[in-house]
Amino acid sequence: MNKRKFKVQIPETDDDVLQGEEQFIIEYNGEKTRVRAHDYDKIYTVPGLYEYLFYDKYKCKSPEVVCSLLEKEVNKTSMATSDLKVLDVGAGNGMVGEKLKSTGADTVVGLDIIEEAAEAAERDRPGVYADFFTEDLTRLPDSVKEKLEKLSPNCLTVVAALGFDDIPPDAFIEAYNMISEPGWVAFNIKDEFYSPDDRTGFSLLIDRMLDDGFFEMNVKKRYRHRFCQDGTPLHYYAVIGRKKKDIPVNMVLSY
Ligand SMILES: C[S@@+](CC[C@H](N)C(=O)[O-])C[C@H]1O[C@@H](n2cnc3c(N)ncnc32)[C@H](O)[C@@H]1O
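All values reported here derive from a predicted model rather than from experimental measurement.

Y44, Y50, G90, D112 and V159 are the nearest of the 19 residues found near the ligand. Within the side chain of Y44, a nitrogen or oxygen atom sits 2.6 Å from an oxygen atom of the ligand. The separation between an oxygen atom of the ligand and a polar side-chain atom of D112 is 2.6 Å. Bound to the protein, the ligand loses 95% of the 590 Å² it would expose on its own. Every element with two or more residues in the shell around the ligand is listed here: helix 1 (40-45), helix 2 (49-57), helix 4 (95-102) and strand 5 (107-112). Partitioning the shell around the ligand into residue classes produces 15 nonpolar, two polar and two charged.

Put into structure tokens, the structure is as follows:
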């Protein structure tokens, strides 16, 4: 195993620690930098830091949970995981892509809004993604649309990337509509974003997807996504299902 080339300190604070606002002082290459948990650009730049913070320290198990549930559901049908052509959105440095490939997926293409994710995925997990797009889903250039249409993905994965300041509902709809029918859809979402109190729009979106027949849900499983810095367990739902038809991009999602 490679020796870690960085050191991590947790700054003292009197404030309540919120998910994503957790702070770290990272010492790397002789420099100290303060980063927040959702500063993915800075975190991916340091090899092994994302895995150390979220997986070793705060016990994140979402790629494992979501991909295993997907695999189980696929195996209940006449399809096999080797039939899957996956669009992995919010791919980060490739943890989900790696898991999908290890369960036998035929092809995985990644998409993330920041360049640092593409660089880290190539650096840390070369060969996992057949292609990796650094794009905003709501503003995809025609060349990327054409490549995705040619691939015709039959599976969408979005892990640990919905809500907060990450992927909003309209971008999720764009990704959803790129999947063929009856494609597989596997994502996770924080429990409070899939509850009557939600104001991110996701709870309403999922309800509309089900009520209006855009989506058939096979699995909705609540589980511990990871711990927060203060030790609070953070619970998410893993959702696995089949796309039935495109979602109208202008669907009104207001309360
Ligand atoms: C917590 S990371 C999850 C990475 C990976 N899926 C995993 O489970 O390890 C969230 C990722 O979503 C990406 N992201 C945020 N907003 C996005 C957007 N609008 N479009 C695409 N990716 C986005 C971030 O850059 C970040 O890499």
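Our focus in this paragraph is the domain arrangement of the protein chain. The domain boundaries assigned to the protein chain delineate domain 1 (6-57) and domain 2 (62-243). If you average the C-alpha positions of domain 1 and of domain 2, the two centres end up 24 Å apart. At the interface, 19 residues of domain 1 touch 22 residues of domain 2. With both sides pooled, the region where domain 1 packs onto domain 2 buries about 1600 Å², and carbon together with sulfur makes up 52% of that total. Here domain 1 is connected to domain 2 by two salt bridges. Its salt-bridge partner being R125, residue E51 comes within 2.8 Å of it at the nearest N-O pair. Considered class by class, the residues forming the side of domain 1 that touches domain 2 number 11 nonpolar, five polar and three charged.

Secondary-structure assignment places G94 in the loop between strand 4 (85-89) and helix 4. Of the residues examined, G94 reaches a relative accessible area of 0% and is grouped as buried. Excluding residues within four positions of it along the chain, G94 makes contact with A121, R125 and Y129.

Before going further, it helps to examine the packing of helix 3 (residues 62-75) against helix 4. A pair of packed helices can be characterised by two numbers: the angle between their axes and the separation between those axes. At a closest axis distance of 10 Å, the pairing of helix 3 and helix 4 adopts a crossing angle of 35 degrees. Between helix 3 and helix 4 lies a crossing of right-handed hand. Contacts between helix 3 and helix 4 involve P63, E64, C67, S68 and L70 from the first element and M95, V96, K99 and L100 from the second. When grouped by side-chain class, the residues that make up the contact of helix 3 with helix 4 number six nonpolar, one polar and two charged.

As a further point, take the side chain of D112. The residue D112 is located in strand 5 in this model. At 11 Å, R125 is the nearest oppositely charged side chain to D112, a buried residue that forms no salt bridge. Looking at D112, its side chain comes within polar contact range of the main-chain nitrogen of I114, at 3.2 Å.

Our focus in this paragraph is the environment of R36. Its place among the elements puts R36 in strand 3 (residues 31-36). Sequence separation between R36 and Q23 is 13 residues; the distance between their C-alpha atoms is 4.4 Å. What R36 contacts, discounting residues up to four positions off in sequence, is G20, E21, E22, Q23 and I43. In terms of polar contacts, R36 uses its side chain to reach the side chain of E21, at 3.0 Å.

Procedures and definitions
- Residues numbered from 1 in each chain as written.
- Predicted model: local features only at pLDDT ≥ 70, side-chain atom pairs only at ≥ 80, totals over all residues.
- Heavy atoms only, no water.
- Near = heavy atom within 4 Å.
- Polar contact = N/O pair within 3.5 Å; in protein donor to acceptor, adjacent residues only side chain to side chain.
- Areas by Shrake-Rupley, 256 points an atom, 1.4 Å probe, with all protein chains shown as cover.
- Helix = DSSP H or I, 4+ residues; strand = E, 2+ residues; numbered from the N terminus.
- Nonpolar A, V, L, I, M, F, W, Y, C, P; charged D, E, K, R; others polar.
- Domains from an automatic or database assignment.
- Contact = heavy atoms within 4.5 Å.
- Buried area = accessible area lost by both parts, 1.4 Å probe.
- Salt bridge = Lys/Arg side-chain N within 4 Å of Asp/Glu carboxyl O.
- Buried < 20%, exposed > 50% of the residue type's maximum accessible area, 1.4 Å probe, protein only.
- Axes fitted to C-alpha atoms, helices over the stretch in contact; angles between N-to-C directions.
- Left-handed = near helix turned anticlockwise from the far one by under 90°.
- Lys, Arg positive; Asp, Glu negative; His and termini not counted.

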